[in-house]
Amino acid sequence: MKIAVFSTKAYDQEYFERYNKDHYLEFTFFETALNSHTANIASGYEVVCVFVNDKVDARTIGILAGSGIRLIALRCAGFNNVDIEAAKRHDIKVVRVPAYSPEAVAEHAAALILTLNRKTHKAYNRVREANFSLNKLIGFNIHGKTVGVIGTGKIGATFCKIMKGFGCKIIAFDKYRSDEVKDLGVEYKTLNDVFKEADIISLHCPLTPETKHMINEKSLASMKNGIMIINTSRGALIDTADIIKGLSDRKVGYLGIDVYEQEENLFFKDLSESIIEDDLILRLISFPNVLITSHQAYFTREAMEEITLTTLKNITDFKKGAILKNEVV
Ligand code: NAI
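Residues numbered from 1 in each chain as written. Predicted model: local features only at pLDDT ≥ 70, side-chain atom pairs only at ≥ 80, totals over all residues. Heavy atoms only, no water.

Colleague: Tell me what's going on with the UniProt feature "domain: D-isomer specific 2-hydroxyacid dehydrogenase NAD-binding" (unreviewed entry) in the chain, and back it up with residues and numbers.
Modeller: The UniProt feature table records "domain: D-isomer specific 2-hydroxyacid dehydrogenase NAD-binding" (unreviewed entry) at residues 111–297. Span residues 111–297 is 34% helix and 16% strand, its end C-alpha atoms 10 Å apart. (UniProt positions renumbered as here; feature names shortened; annotations may be inferred. Helix = DSSP H or I, 4+ residues; strand = E, 2+ residues; numbered from the N terminus.)

Spelled out as structure tokens, the structure:
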């Protein structure tokens, strides 16, 4: 079975080649992202394998269908970048990796909190230049703070456990309340109450029409002054222009993001010698209390192994005509 892998980095190829030995699948690795301009590359293949920033919209799917593609295999959990209805119309199946390592993402969210708060990234640079001053490095105790978790699924629940370990009070909002999360001592509240009461807010819900721009001018106004906002979920949960205003107005005290609304033009690429045309990211980078990582929360050895093994199994099951356990329907 011939598979066109899009948005390939050296580490993706390395993992697929290492674990493909038992699967005998025929991979071709393309560095380019999949979108309506590049979809023709998939002609002659049966499967496309894609990642978070491939744009698998109705137009792209139309071209893929014409080229004989029968399966879209996502190497990630979120599927907001795939038009599922369009895939159904063209009888193309979509499979994903529903859970590869909730710990990887939850731990990264905790890392963003600690770094932003205790400014270890700044201390590292200072000490390297023999600047041993503590001026402006003051942080706050995480212990005793109220952490608001939005979305208490696999990653959110794991994050709750980590923050419990710090001695935080955890309040949460989810459309579906989990008894397991309640048993951790987490108190479910309305979304508005989470916004109002939290010192730190961490987003762990999927991007849907309902959650798009949930952090906006109005929700920011209801939060505590100096709020810390962490987003390791999807960029468009935050209205970027509104958060920039919140940072300028000093309403937002700290912002830690691993995802960004327009990230597909930037993330995973070395643009250090390029002129960046996205003025919003440049403005965000300019704030001393903003920490941005480029969608690396998932990036641990354990997660890469799980992503690879599950994707190989998803494709092999499709090849065999077996039930697709990880089909997106
Ligand atoms: P999950 O499906 O286990 O949990 C999502 C939770 O959000 C569920 O409990 C669901 O009920 C809740 N939810 C749905 N709609 C909601 C709403 N309107 N308001 C509040 N809660 C709502 O998903 P998981 O594995 O925990 O992943 C969460 C998100 O993390 C994914 O959707 C993905 O966008 C992101 N992610 C980011 C990664 C990274 O590297 N930065 C890696 C993996 C996932």
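Now, onward.
Colleague: Lay out the sheet that holds strand β7 (residues 169–173) with the relevant residues and their values.
Modeller: Hydrogen bonds between backbone groups are what pair the strands of a sheet, and the pairing can be parallel or antiparallel. Pairing in this open sheet of seven strands is parallel, and the strands run β8-β7-β6-β9-β10-β11-β12 from one edge to the other. One side of each edge strand has no neighbouring strand; the edge strands of this open sheet are β8 (187–188) and β12 (290–292). Where helix α4 (residues 102–118) meets the sheet, its contacts fall on β9 (200–203), β10 (227–231), β11 (252–257) and β12, and the angle it forms with β10 comes to roughly 145 degrees. Across the sheet, helix α6 (residues 154–165) lies against β6 (146–150), β7 and β9, angled at about 170 degrees from β6, the strand it touches most. (Pairing = 2+ DSSP bridges. Contact = heavy atoms within 4.5 Å. Axes fitted to C-alpha atoms, helices over the stretch in contact; angles between N-to-C directions.)

Colleague: Can you lay out α6 for me, pointing to particular residues and giving the numbers?
Modeller: Given 3.6 residues per turn, any residue in an α-helix points the same way as the ones three and four places further on. A rise of 1.5 Å per residue sets the reference length of α6, with its twelve residues, at 16 Å; its end C-alpha atoms lie 17 Å apart and thus fit the reference within 8%. Looking only at α6, the buried set comprises Gly156, Ala157, Thr158, Phe159, Cys160 and Met163. In the core, the buried residues of α6 are packed alongside α4, β6, β7, α7 (179–183) and β9. The first or second residue beyond α6 is Gly167, which carries a positive phi of 85 degrees. (Expected span 1.5 Å × (residues − 1). Buried < 20%, exposed > 50% of the residue type's maximum accessible area, 1.4 Å probe, protein only.)

Colleague: An account of the environment of Phe140 is needed here, citing residue identities and associated values.
Modeller: Considering the arrangement of structural elements, one finds Phe140 in the loop between α5 (120–128) and β6. Along the backbone, Phe140 and Asn117 are 23 residues apart, and their C-alpha atoms lie at a distance of 6.6 Å. Excluding residues within four positions of it along the chain, Phe140 makes contact with Asn117, Arg118, Lys145, Ile200, Met228 and Tyr254.

Colleague: Describe the domain arrangement of the chain, listing the residues and the values that go with them.
Modeller: If you check the domain split of the chain, you get domain 1 (2–100 + 300–320) and domain 2 (102–292). The centre of domain 1, based on its C-alpha atoms, is set 30 Å off from the matching centre of domain 2. Where domain 1 abuts domain 2, roughly 880 Å² becomes buried across the two surfaces, and 59% of that area is made up of carbon and sulfur atoms. On the domain 1 side of the interface with domain 2, the three residues burying the most area are Lys9, Asn53 and Asn80, jointly 49% of the side's total. (Domains from an automatic or database assignment. Buried area = accessible area lost by both parts, 1.4 Å probe.)

Colleague: Could you give an account of the pattern of salt bridges, naming the residues involved and the relevant values?
Modeller: Per the stated rule, a full pass over the model turns up 13 salt bridges. Two residues, Lys93 and Glu327, come together in a salt bridge whose shortest N-O distance is 3.8 Å. Residue Lys93 is found in strand β5 (residues 93–95), and its partner Glu327 is found in the segment after α12 (301–320); the two are separated by 234 residues along the sequence. With its nearest N and O atoms 2.9 Å apart, the salt bridge here joins Asp317 to Lys313. (Salt bridge = Lys/Arg side-chain N within 4 Å of Asp/Glu carboxyl O.)

Colleague: Could you give an account of the side chain of His108, naming the residues involved and the relevant values?
Modeller: Along the chain, His108 falls in helix α4. Engagement of the side chain of His108 in a polar contact is seen with the side chain of Thr293, the distance being 3.0 Å. Setting aside residues up to four positions removed in sequence, His108 forms contacts with Thr232, Asp258, Thr293, Gln296 and Ala297. (Polar contact = N/O pair within 3.5 Å; in protein donor to acceptor, adjacent residues only side chain to side chain.)

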